Amino acid sequence: LRIGDPRLRQVAAPVEAFDTPELHELIADMFETMAAANGAGLAAPQIGVARRVMIFGIESNPRYPDAEPVPTTVLVNAGYEVLDEAEVSGWEGCLSVPGMRGYVPRYRRIRYRGFDQYGEPVAREADGFHAMVFQHEYDHLDGVLYPDRIVEKEKFGFEAELIDAGIL
(Lines give C-alpha, C1' and ligand atoms only; values in the text may rest on other atoms or scores of the structure.)
Protein backbone atom coordinates (compact mmCIF):
# COMPACT_ATOMS: atom_id res chain seq x y z
CA LEU A 1 0.00 0.00 0.00
CA ARG A 2 1.12 3.55 -0.62
CA ILE A 3 0.71 6.70 1.43
CA GLY A 4 -2.84 7.97 1.06
CA ASP A 5 -4.40 4.52 1.47
CA PRO A 6 -6.41 4.79 4.71
CA ARG A 7 -5.45 1.23 5.73
CA LEU A 8 -1.92 2.51 6.46
CA ARG A 9 -3.37 4.79 9.16
CA GLN A 10 -5.18 2.05 11.10
CA VAL A 11 -3.86 0.65 14.37
CA ALA A 12 -3.08 -3.03 13.77
CA ALA A 13 -4.66 -5.72 15.96
CA PRO A 14 -2.57 -8.19 17.98
CA VAL A 15 -1.97 -11.67 16.64
CA GLU A 16 -3.83 -14.18 18.79
CA ALA A 17 -2.59 -17.51 17.38
CA PHE A 18 1.01 -18.47 16.62
CA ASP A 19 2.47 -21.20 14.40
CA THR A 20 -0.53 -21.22 12.05
CA PRO A 21 -0.45 -21.74 8.29
CA GLU A 22 -1.93 -18.25 7.86
CA LEU A 23 0.79 -16.57 9.94
CA HIS A 24 3.56 -18.50 8.18
CA GLU A 25 2.08 -17.57 4.78
CA LEU A 26 1.85 -13.90 5.79
CA ILE A 27 5.49 -13.82 6.91
CA ALA A 28 6.70 -15.59 3.76
CA ASP A 29 4.78 -13.06 1.65
CA MET A 30 6.29 -10.20 3.65
CA PHE A 31 9.86 -11.47 3.14
CA GLU A 32 9.21 -11.88 -0.59
CA THR A 33 7.78 -8.36 -0.82
CA MET A 34 10.64 -6.84 1.17
CA ALA A 35 13.29 -8.61 -0.93
CA ALA A 36 11.67 -7.60 -4.23
CA ALA A 37 11.85 -3.93 -3.20
CA ASN A 38 15.30 -4.05 -1.53
CA GLY A 39 13.68 -3.08 1.74
CA ALA A 40 15.24 -3.19 5.19
CA GLY A 41 11.93 -3.98 6.88
CA LEU A 42 8.21 -4.37 6.35
CA ALA A 43 5.11 -4.31 8.52
CA ALA A 44 1.97 -6.32 7.79
CA PRO A 45 -0.22 -3.19 7.38
CA GLN A 46 1.92 -2.24 4.37
CA ILE A 47 0.54 -5.22 2.49
CA GLY A 48 -3.02 -4.69 3.69
CA VAL A 49 -3.00 -6.97 6.75
CA ALA A 50 -3.94 -5.09 9.91
CA ARG A 51 -2.01 -7.32 12.32
CA ARG A 52 0.95 -6.52 14.61
CA VAL A 53 3.57 -8.36 12.56
CA MET A 54 6.86 -6.88 11.36
CA ILE A 55 10.00 -8.21 9.74
CA PHE A 56 13.38 -6.59 9.22
CA GLY A 57 17.03 -7.34 8.57
CA ILE A 58 19.83 -6.62 6.14
CA GLU A 59 23.34 -7.82 5.38
CA SER A 60 23.89 -5.23 2.68
CA ASN A 61 21.35 -3.15 0.82
CA PRO A 62 21.73 -0.78 -2.14
CA ARG A 63 19.09 1.54 -0.63
CA TYR A 64 21.17 1.85 2.57
CA PRO A 65 24.78 1.37 1.43
CA ASP A 66 26.38 2.66 4.65
CA ALA A 67 24.14 0.80 7.09
CA GLU A 68 25.55 -1.77 9.46
CA PRO A 69 24.03 -5.28 9.26
CA VAL A 70 20.77 -5.89 11.13
CA PRO A 71 19.78 -9.45 12.10
CA THR A 72 16.91 -10.95 10.14
CA THR A 73 14.01 -10.77 12.56
CA VAL A 74 10.32 -11.67 12.73
CA LEU A 75 8.45 -9.82 15.48
CA VAL A 76 4.85 -10.43 16.38
CA ASN A 77 3.03 -8.27 18.97
CA ALA A 78 6.18 -6.21 19.52
CA GLY A 79 6.79 -3.59 22.17
CA TYR A 80 9.81 -1.53 23.17
CA GLU A 81 11.34 0.70 25.78
CA VAL A 82 13.71 3.60 25.33
CA LEU A 83 17.15 3.03 26.89
CA ASP A 84 18.59 6.43 25.96
CA GLU A 85 16.43 9.54 25.60
CA ALA A 86 18.97 10.96 23.14
CA GLU A 87 17.77 11.02 19.58
CA VAL A 88 19.71 10.62 16.38
CA SER A 89 18.37 11.68 12.99
CA GLY A 90 18.88 9.79 9.77
CA TRP A 91 17.58 9.55 6.23
CA GLU A 92 14.65 7.16 5.90
CA GLY A 93 12.74 5.80 2.98
CA CYS A 94 9.69 3.57 2.91
CA LEU A 95 8.17 1.12 0.49
CA SER A 96 4.83 2.86 1.16
CA VAL A 97 6.29 6.29 0.30
CA PRO A 98 8.11 5.33 -2.91
CA GLY A 99 10.88 7.48 -4.34
CA MET A 100 11.02 9.81 -1.36
CA ARG A 101 13.36 10.29 1.61
CA GLY A 102 13.12 12.22 4.84
CA TYR A 103 15.41 13.09 7.73
CA VAL A 104 13.78 11.54 10.80
CA PRO A 105 14.69 11.72 14.51
CA ARG A 106 14.58 8.40 16.38
CA TYR A 107 15.68 7.21 19.80
CA ARG A 108 19.34 6.19 19.74
CA ARG A 109 19.02 3.08 21.92
CA ILE A 110 16.04 0.84 22.64
CA ARG A 111 15.15 -2.61 23.93
CA TYR A 112 12.47 -4.40 21.93
CA ARG A 113 10.56 -7.56 22.60
CA GLY A 114 7.89 -9.69 21.01
CA PHE A 115 7.50 -13.18 19.65
CA ASP A 116 8.54 -15.03 16.53
CA GLN A 117 5.94 -16.76 14.36
CA TYR A 118 6.14 -19.86 16.57
CA GLY A 119 5.34 -17.95 19.76
CA GLU A 120 8.93 -18.01 21.04
CA PRO A 121 10.02 -14.83 22.85
CA VAL A 122 12.40 -12.43 21.08
CA ALA A 123 14.16 -9.64 23.02
CA ARG A 124 17.12 -7.49 21.97
CA GLU A 125 18.81 -4.21 22.63
CA ALA A 126 19.37 -2.15 19.52
CA ASP A 127 21.09 1.09 18.61
CA GLY A 128 21.91 3.02 15.47
CA PHE A 129 20.41 1.80 12.21
CA HIS A 130 19.01 -1.32 13.89
CA ALA A 131 17.03 0.82 16.38
CA MET A 132 15.87 3.12 13.57
CA VAL A 133 14.57 0.23 11.45
CA PHE A 134 12.69 -1.24 14.39
CA GLN A 135 11.07 2.10 15.30
CA HIS A 136 10.13 2.75 11.66
CA GLU A 137 8.38 -0.63 11.35
CA TYR A 138 6.80 -0.34 14.79
CA ASP A 139 5.26 2.99 13.76
CA HIS A 140 3.46 1.22 10.90
CA LEU A 141 1.68 -0.95 13.46
CA ASP A 142 0.20 2.22 14.99
CA GLY A 143 -0.72 3.86 11.67
CA VAL A 144 2.23 6.28 11.72
CA LEU A 145 4.37 6.95 8.63
CA TYR A 146 7.86 8.45 8.73
CA PRO A 147 6.82 11.79 7.14
CA ASP A 148 4.72 12.35 10.29
CA ARG A 149 7.93 12.42 12.34
CA ILE A 150 9.98 14.78 10.16
CA VAL A 151 10.94 17.96 12.01
CA GLU A 152 13.01 19.72 9.33
CA LYS A 153 10.46 19.87 6.50
CA GLU A 154 13.11 21.01 4.00
CA LYS A 155 14.76 17.60 4.50
CA PHE A 156 11.91 15.70 2.87
CA GLY A 157 11.40 15.14 -0.82
CA PHE A 158 11.94 12.97 -3.82
CA GLU A 159 15.22 11.12 -3.55
CA ALA A 160 16.46 12.21 -6.99
CA GLU A 161 15.83 15.89 -6.28
CA LEU A 162 17.47 15.70 -2.84
CA ILE A 163 20.55 14.11 -4.45
CA ASP A 164 20.63 16.70 -7.27
CA ALA A 165 20.44 19.50 -4.69
CA GLY A 166 23.31 17.99 -2.67
CA ILE A 167 21.09 17.51 0.37
CA LEU A 168 21.17 13.71 0.36
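This one's a predicted model, so the numbers in the text were calculated from it and none came from an experiment.

Reading guide: rules and limits
- Residues numbered from 1 in each chain as written.
- Predicted model: local features only at pLDDT ≥ 70, side-chain atom pairs only at ≥ 80, totals over all residues.
- Heavy atoms only, no water.
- Helix = DSSP H or I, 4+ residues; strand = E, 2+ residues; numbered from the N terminus.
- Expected span 1.5 Å × (residues − 1).
- Pairing = 2+ DSSP bridges.
- Salt bridge = Lys/Arg side-chain N within 4 Å of Asp/Glu carboxyl O.
- Buried < 20%, exposed > 50% of the residue type's maximum accessible area, 1.4 Å probe, protein only.

**Description of helix α2 (residues 128–141)**
Next, step 1: Here α2 is 14 residues long and its end C-alpha atoms lie 21 Å apart, about the 20 Å a rise of 1.5 Å per residue gives.
Next, step 2: G143, located one to two residues past α2, shows a positive phi value of around 75°.

**What to know about the pairing of strand β3 (residues 70–94)**
Next, step 1: The sheet contact formed by strand β2 (residues 53–58) and β3 spans 5 bridges and is antiparallel. Within β3, the position partnered with F56 by the bridge is T73.
Next, step 2: Examined bridge by bridge, β3 and strand β4 (residues 97–115) share 13 bridges and lie antiparallel to one another. The residue of β4 that forms the bridge with C94 is V97.
Next, step 3: If you look at the hairpin formed by β3 and β4, you'll find 2 residues sitting between the two strands.

**Topic: the pattern of salt bridges**
Next, step 1: One pass over the structure, following the stated rule, counts 12 salt bridges.
Next, step 2: We note a salt bridge from R106 to E92, for which the minimum N-O separation is 2.8 Å. Taken together, the residues span a long stretch of sequence, with R106 in strand β4 and E92 in strand β3 at a distance of 14 residues. Neither R106 nor E92 differs from the other in exposure class; each is buried.

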